[in-house]
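Coordinates in review
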Amino acid sequence: MPVTRIALREGRSAAWLQQLSTLFHQQLVAHFAVPPADCFQVIDCYPAHRLIADRDYLGGPRSDRFILFSITAGKPRSRAQKEALYYHLAEALHRELGIPPEDVMVVITFNQADEWSFSRGEMFSPEAL
């Protein structure tokens, strides 16, 4: 049950953003043990002066096509699952949207079930599934 904020520079069409969303979700399903119907994303598009990333720090060179995926996930994933997600996401974005792999950054944060409320002001309980 991850929720993801995707940050990138403004200027992309609605169709392009939808393709980005779909590609990302496909990688979550294939490599991060996410059910197909479990899709929660927020796509934030920023002007150049509001999305700042070092062009060379631990990777790069980064360009104006830089995309940051900030994933909050409720259950831990293995190192192999995380590595597979990183690799396959960068590869799919490069193949389908022409995004250089150097421009793809992913940060994953894990938390507990009781830190989620999906609706009605009720705490999520995995036992209820």
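Residues numbered from 1 in each chain as written. Predicted model: local features only at pLDDT ≥ 70, side-chain atom pairs only at ≥ 80, totals over all residues. Heavy atoms only, no water.

Let's talk about the overall build of the chain
The secondary structure content of the chain amounts to two helices and four strands. Sequence-ordered secondary structure for the chain, helices as α and strands as β, is β-α-β-β-α-β. Burial analysis of the chain (129 residues in total) assigns 34% to the buried set. The long-range fraction of contacts in the chain, counting pairs at least 24 apart against all pairs at least 6 apart in sequence, stands at 76%. Total accessible area on the chain stands at roughly 7,700 Å², and carbon and sulfur atoms take up 55% of it. Charged side chains of the chain number 13 positive and 15 negative; the gap between the two group centres comes to 2 Å. (Helix = DSSP H or I, 4+ residues; strand = E, 2+ residues; numbered from the N terminus. Buried < 20%, exposed > 50% of the residue type's maximum accessible area, 1.4 Å probe, protein only. Contact = heavy atoms within 4.5 Å. Areas by Shrake-Rupley, 256 points an atom, 1.4 Å probe, with all protein chains shown as cover. Lys, Arg positive; Asp, Glu negative; His and termini not counted. Charge placed at Lys NZ, Arg CZ, Asp CG, Glu CD.)

Regarding the environment of R5
One can find R5 in strand 1 (residues 3-9). Of the residues examined, R5 reaches a relative accessible area of 45% and is grouped as partly exposed. R5 sits 37 residues away from V42 along the chain, and the two C-alpha atoms are 4.7 Å apart. The contact partners of R5, leaving out residues within four places of it in the chain, are V42, D44, L68, F69 and S70. Among the polar contacts made by the side chain of R5, one reaches the side chain of D44 at a distance of 2.7 Å. (Polar contact = N/O pair within 3.5 Å; in protein donor to acceptor, adjacent residues only side chain to side chain.)

Some points on the nonpolar core
Considering soluble globular proteins, one finds that nonpolar side chains tend to be buried as a cluster. In this structure, L20, F69 and L93 are the most contacted members of the largest nonpolar core, which totals 24 residues. Elements that contribute at least two residues to this core include exactly strand 1, helix 1 (14-31), strand 3 (67-73), helix 2 (79-97) and strand 4 (104-110). Ignoring anything within four residues of it in the chain, the contact list for L93 reads L20, L23, F69, G98, I99 and V104. (Core = buried A, V, L, I, M, F, W, Y, C linked by side-chain atoms within 4.5 Å.)

Thoughts on the side chain of S21
The topology assignment puts S21 in helix 1. When sequence neighbours within four positions are dropped, the list of residues in contact with S21 reads Q41 and I43.

A look at the pattern of salt bridges
Counted by the stated rule, this structure contains seven salt bridges. Of the charged contacts, one joins R9 and D64 as a salt bridge, the two residues approaching to 2.7 Å between their closest N and O atoms. Of this pair, R9 sits in strand 1 while D64 sits in the loop between strand 2 (41-46) and strand 3; the two residues are 55 residues apart in sequence, bridging distant segments of the chain. Between E122 and R120 there is a salt bridge, with the nearest N and O atoms lying 3.5 Å from each other. With relative accessibility at 70%, the residue R120 sits in the exposed group. (Salt bridge = Lys/Arg side-chain N within 4 Å of Asp/Glu carboxyl O.)

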